[in-house]
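Here's the letter readout for the chains.
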Amino acid sequence: MNADAVIAIDGLTKTYRAGVRLKPIYAVRNLTLHVPRGSIIACVGPNGAGKTTTIHTLLGLLKPDAGIVRVFGEAPGPSVLRRVGYQSEIFHTYPFYSTVDVLRYYGRLSGLTPHDLARHVPPLLERLGLRDVGKRPVGTFSKGMTQRLGLAQALLHDPELLILDEPTSGLDPEGRRLVLDIIREEKDRGKTIFLSSHILSDVERTCDEVVMINKGEVAFADRISSFGADTRRWEIEVSGWTPASRALLAEHQFDVEDEAEGRAIIVCTTADKKALLHALTALPVDIGSVQPRRVATLEDKYLEHVSGV
Amino acid sequence: MTTRILLIARNAFRGIMSRRALYIWAGAVLLMFFRAAPQIVAGFRGPERVREFMLSGAVAGSLEVWAFLCLAAAIFLGAGSVATELTTRTIVTVMARPVHRWELLVGKWLGVSAFAMVTLAIGVVLAYGLGSYVGVDVDRLTLVILREALAQSIVAIVLYSGVAVVLGSFGSWVIGAGVTVLLAFLPVLVNELKAIDDSPNWQRVGITLDWMTPDGYVSYYPRLNKVPFPGTPQRPAPPAVPQREDTRDLHRPLYASLAYAALYFLAGCAAFTRRNINLTSG
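Residues numbered from 1 in each chain as written. Chains lettered and ligands numbered in written order. Predicted model: local features only at pLDDT ≥ 70, side-chain atom pairs only at ≥ 80, totals over all residues.

Considering the overall build of chain B
Moving on, step 1. Helix and strand counts for chain B stand at nine helices and zero strands.
Moving on, step 2. The proportion of buried residues among the 282 residues of chain B is 42%.
Moving on, step 3. Here the analysis covers contacts within chain B between residues at least 6 apart in sequence; of these, 83% occur between residues at least 24 apart. (Helix = DSSP H or I, 4+ residues; strand = E, 2+ residues; numbered from the N terminus. Buried ≥ 20, exposed ≤ 12 C-beta atoms within 10 Å, placed from the backbone. Contact = placed C-beta atoms within 7 Å.)

Here it is, written out as structure tokens:
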């Protein structure tokens, strides 16, 4: 077990019983996951993959059937939750409360004093664009405003760990950008963030690592930096390509891919690109696109490991 | 700890006030009206000697109905307090805070009990107003009986709302309220079982249930009408104000009920702490 891990899940298994015969259904099966301090890790997967079950286990709402779950080195419970901020996929709260009442209620439950609240609430409302609706009942809020309020209550007590379940769900592009900016700012402040999301572009833009869960098991895990474009290698698309063309370029270092019907993709390093392009212009070939070599994107990996495409 | 419990209690109280209080109070006023109106009309239209009996009975009866509604509200609101949080999923954000599960239950219990007691107090004020309006004499003895009747109601509210809160925390307010109502009526069944002479087994069941369950709710409100019905033999002179020794036997079941409330609630807290919080879909 990683000693510096803020979240350490080892072999977590959680089943639900369903039907008349109480047949066990695995929500999470033998899940192992470690979240280092100061990182942003995204948990992605289809509906019913086990993301929310994992999060509810981290919060102590659900008890593991097997495995060990530790947050800040302790089993989830009130002493740990003091250091955790949580936003649910859809922030359900009491419709009779105003925005400020909601923050006061959750803030006081988190141990903040009225003095702390007076200091923290106004800037937080400003930061999330809720300043003008401080006295409005939350029952009248749009989905986007409710979600922003959900993030506000998660940030209110300045927790060390943020657990965000679909934080950009139901937000318009402006709201999404705001939330993603806040997540990055929190990371820059040294906070650890564990989030679940369906929106892969958000994950690519925000997170350090991704864990793909499918049917309760980890299907794939890697660093986000390993996806997308590789600027060290380039792809040059050419037409009119013949075996003779290859011979004429013998003095250059390159590979040829997808060679068919006079078309080919030439792959070279950044160092070789300029000389190779110069040589190609002297050949009877047409140069099409020149672009950084594309390696598998997060979406490719998702489709491969989760959707099985 | 105290702060969190009081916050949850205030939240529960405010939630009831914001949504259901007006309906409950309007229903109670209607019931009070329907219970009292016929006797008041009959009292004013009837002969002089019937009037005092009818009017006194109207006030006592309306207060009894009101107190019964308070108890019913405590049971149903108690059963719905945690169950509704599970259905609306608000419990997740609360339990993601440093809140012990037993603190949630105690807070809900306090909030629901406080609402039922406020409602009971409103009923007493309304009944007093009604009594003054129709000219019912309120003497010291009536106040002593009223005090005992209110003590019965308050203990019943505390007991049954506590049971309803913990049973409702299993996810269904219908089952929570149903089992609590069953518990309130169990003493009748217990007495029947204990009275079966030819079946020792049923008697044993009755004795066991008697041991496991508190005495049911006993309404003292009819005793507030101390005017004899005209034509019946003259009652002996009203007894003197009960002394401390006299009320000791009266209070013993109340203390027992409070002890049962504490035991049931502790067992419910232990069960709620150990189990998964599964969100329900209503």
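From this point, things continue past the structure.
Comments concerning the sheet that holds strand 2 (residues 23–36) of chain A
Residues and elements named next belong to chain A.
Moving on, step 1. If you walk across this open sheet you meet the three strands as 2-1-4, and the pairing is antiparallel. Two strands in the sheet have a free side with no partner beyond their single neighbour: strand 2 and strand 4 (66–71). On average, each strand axis in the sheet is tilted by 25° relative to the strand beside it, whichever way the strands run.
Moving on, step 2. Two elements, strand 1 (residues 5–18) and strand 4, share five bridges in a ladder whose sense is antiparallel. What sits directly across from isoleucine 7, in strand 4, is valine 71.
Moving on, step 3. Against the sheet, helix 1 (residues 51–58) engages strand 1, strand 2 and strand 4, with an angle of about 115° to strand 1. (Pairing = 2+ DSSP bridges. Axes fitted to C-alpha atoms, helices over the stretch in contact; angles between N-to-C directions.)

Thoughts on the pairing of strand 6 (residues 161–165) of chain A
As a general feature of sheets, a regular strand has side chains that alternate between the two faces.
Residues and elements named next belong to chain A.
Moving on, step 1. The element strand 6 is extensively covered by neighbouring structure, given that five of its five residues are classed as buried.
Moving on, step 2. Bridging between strand 5 (residues 84–87) and strand 6 involves four bridges; their strand directions are parallel. Its bridge partner being in strand 6, glutamine 87 is matched across the sheet by leucine 164.
Moving on, step 3. Pairing between strand 6 and strand 7 (residues 192–197): five bridges, direction parallel. Opposite leucine 162, over in strand 7, you have isoleucine 193 as the bridge partner.
Moving on, step 4. At this point the chain moves from strand 6, through helix 6 (residues 173–188), to the parallel strand 7, and the crossover so formed is right-handed. (Right-handed = clockwise from strand over helix to strand, strands pointing away.)

What about unusual backbone geometry?
Residue and element names in this part refer to chain A.
Moving on, step 1. Positive phi, normally seen in glycine, also occurs at asparagine 30, with a value near 50°.
Moving on, step 2. With respect to the element layout, asparagine 30 can be found in strand 2.
Moving on, step 3. Under the C-beta neighbour-count criterion, asparagine 30 is labelled partly exposed, with 14 such atoms within 10 Å.
Moving on, step 4. A positive phi angle, close to 50°, is found at lysine 215, a residue other than glycine.
Moving on, step 5. For lysine 215, the position within the fold is in the loop between strand 8 (209–214) and strand 9 (217–223).
Moving on, step 6. Residue lysine 215 is classed as partly exposed on the basis of its C-beta count, with 15 C-beta atoms lying within 10 Å.

Some points on the interface of chain B and chain A
Moving on, step 1. Listed as interface residues are 21 residues of chain B and, on the opposing side, 22 residues of chain A.
Moving on, step 2. Broken down by secondary-structure element, the contributors of at least two residues to the side of chain B that touches chain A are helix 1 (2–19) and helix 4 (90–95) of chain B.
Moving on, step 3. By residue number, the principal contributor to the side of chain B that touches chain A is helix 1 of chain B, which donates seven residues.
Moving on, step 4. Among the residues forming the side of chain B that touches chain A, the class breakdown is eight nonpolar, nine polar and four charged. (Nonpolar A, V, L, I, M, F, W, Y, C, P; charged D, E, K, R; others polar.)

Things to note about the packing of helix 3 (residues 99–109) of chain A against helix 5 (residues 143–155) of chain A
Residues and elements named next belong to chain A.
Moving on, step 1. Where helix 3 meets helix 5, the closest approach of the two axes is 9 Å, and the angle between their N-to-C directions is 30°. With respect to each other, helix 3 and helix 5 are oriented roughly parallel. In this structure, helix 3 meets helix 5 at a crossing whose hand is right-handed. Judged by residue contacts, Thr99, Val102, Leu103 and Tyr106 of helix 3 engage Leu149, Ala152 and Gln153 from helix 5.
Moving on, step 2. For the contact of helix 3 with helix 5, the residue count by class is five nonpolar, two polar and no charged. (Parallel < 35°, antiparallel > 145°, perpendicular 65-115°, else oblique. Left-handed = near helix turned anticlockwise from the far one by under 90°.)

Considerations on the nonpolar core
Moving on, step 1. Counting residues in hydrophobic clusters, the biggest one holds 143 residues, and the most contacted among them are Ala152 of chain A together with Cys70, Ala74 and Tyr160 of chain B.
Moving on, step 2. Each residue touching alanine 74 of chain B, except ones within four places of it in the same chain, is listed here: Val112, Ser113, Ala116, Ile157, Tyr160 and Ser161 of chain B. (Core = buried A, V, L, I, M, F, W, Y, C linked by C-beta atoms within 7 Å.)

What to know about the sheet that holds strand 9 of chain A
Whenever strands of a sheet pair, they do so through backbone hydrogen bonds, lying parallel or antiparallel.
All names here are of chain A.
Moving on, step 1. Read from one edge to the other, the open sheet built from six strands follows the order 5-6-7-3-8-9, with strand pairing classed as mixed. The open sheet is flanked by strand 5 and strand 9, the only strands paired with a single partner. On average, adjacent strands in this sheet sit at an angle of 15° to one another, irrespective of strand direction.
Moving on, step 2. Bridging between strand 3 (residues 40–44) and strand 8 involves four bridges; their strand directions are parallel. Of the residues in strand 8, the one forming a bridge with alanine 42 is valine 210.
Moving on, step 3. Contacting strand 3, strand 6, strand 7 and strand 8, helix 1 runs over the sheet at an angle of about 150° to strand 6.
Moving on, step 4. Relative to strand 7, helix 6 is tilted by about 155°, and along the sheet it contacts strand 3, strand 6 and strand 7.

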